[in-house]
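Letter by letter, the chains look like this.
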Amino acid sequence: MSSGFVSETELAERRRIRQEEWDKVRTAEQPLAVPEEQYDHRSLFDRLEEQRRKKEYEYEETHKLKNMIRGLDDDEVGFLELVDKTKMDEERRQLIEEARQIEEYRSKVSTLQCETIVSPLMVPIPKPQTLKSSVPRKTQSKLLAGAIIKKRTSEESTNPSKKHKPTSDESKILPEKLTSETKSNILPGLAYSDSSDSEDD
């Protein structure tokens, strides 16, 4: 166990080590000899008390911000809850509006797709044009000009009183008794059947 006393040789060794360290860090303006250590002549109690005060001060400085924080009042809490509620209501309203717009967009797209599928199948039918506007009206003389005239045989030309006897095909087409209406519809050289007139009436 040490007695707490320091010998002269130990002090000399400490001075030599300090001098070597001083020479390493010394600048040109500083003295060559190392300055003596400052010796604190105060008692141990005073030194320890100073260290305790320093630690307390550092602790208070680090926790000073925590001491400044205080709790919220009931009014402040109510206001913050009201702000949160309005924000949530606004977000909910925006989500509903976005969902409605998306649904509207989807329905429009589906109708457009249906129209594009159906539209090629539906070809517009042009309106029939009236005969008056498209075809000029032909007069009876123009119609008769295009008619074919049968040549008379030599018998018919010599004996005009002799009537033309219809052949078996012509007798089927022409009825025996023709009314004045049907006679006006018949052009010379052309034969009409009775069935077509009855169907038109």
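In this text the structure is predicted, and so the values were computed from the model without any measurement. (Residues numbered from 1 in each chain as written. Predicted model: local features only at pLDDT ≥ 70, side-chain atom pairs only at ≥ 80, totals over all residues. Heavy atoms only, no water.)

(A) Spatial organisation of the overall build of the protein chain. Looking only at helices and strands, the protein chain has ten helices and zero strands in total. Of all 201 residues assigned to the protein chain, the portion counted as buried reaches 2%. In the protein chain, the proportion of contacts linking residues at least 24 apart, taken out of those at least 6 apart, comes to 10%. Per element, the accessible surface of the protein chain, about 20200 Å² overall, is 57% carbon and sulfur. (Helix = DSSP H or I, 4+ residues; strand = E, 2+ residues; numbered from the N terminus. Buried < 20%, exposed > 50% of the residue type's maximum accessible area, 1.4 Å probe, protein only. Contact = heavy atoms within 4.5 Å. Areas by Shrake-Rupley, 256 points an atom, 1.4 Å probe, with all protein chains shown as cover.)

(B) A look at the layout of surface pockets. Taken as a whole, the second largest pocket spans an internal volume of roughly 240 Å³. What lines the second largest pocket is Leu11, Arg14, Arg15, Arg18, Val34, Glu36, Glu37, Gln38 and Tyr39. Its residues assigned to classes, the lining of the second largest pocket shows three nonpolar, one polar and five charged. (1 Å grid on protein atoms, 1.4 Å probe; cavity = no way out; pocket = protein on both sides within 12 Å on 5 of 7 lines; lining within 4 Å. Points joined across faces, edges and corners; volume = space filled by probe spheres on them. Nonpolar A, V, L, I, M, F, W, Y, C, P; charged D, E, K, R; others polar.)

(C) Broad picture of the environment of Arg47. Among the structural elements, Arg47 can be located in helix α2 (residues 44-62). Aside from chain neighbours lying at most four places away, what touches Arg47 is Asp40 and Arg42.

(D) Region of the structure containing the UniProt feature "coiled-coil region" (unreviewed entry) in the protein chain. UniProt feature "coiled-coil region" (unreviewed entry): in the numbering of this structure it lies at residues 85-115. Secondary structure content for residues 85-115 is 100% helix and 0% strand, while the C-alpha to C-alpha distance between its ends is 45 Å. (UniProt positions renumbered as here; feature names shortened; annotations may be inferred.)

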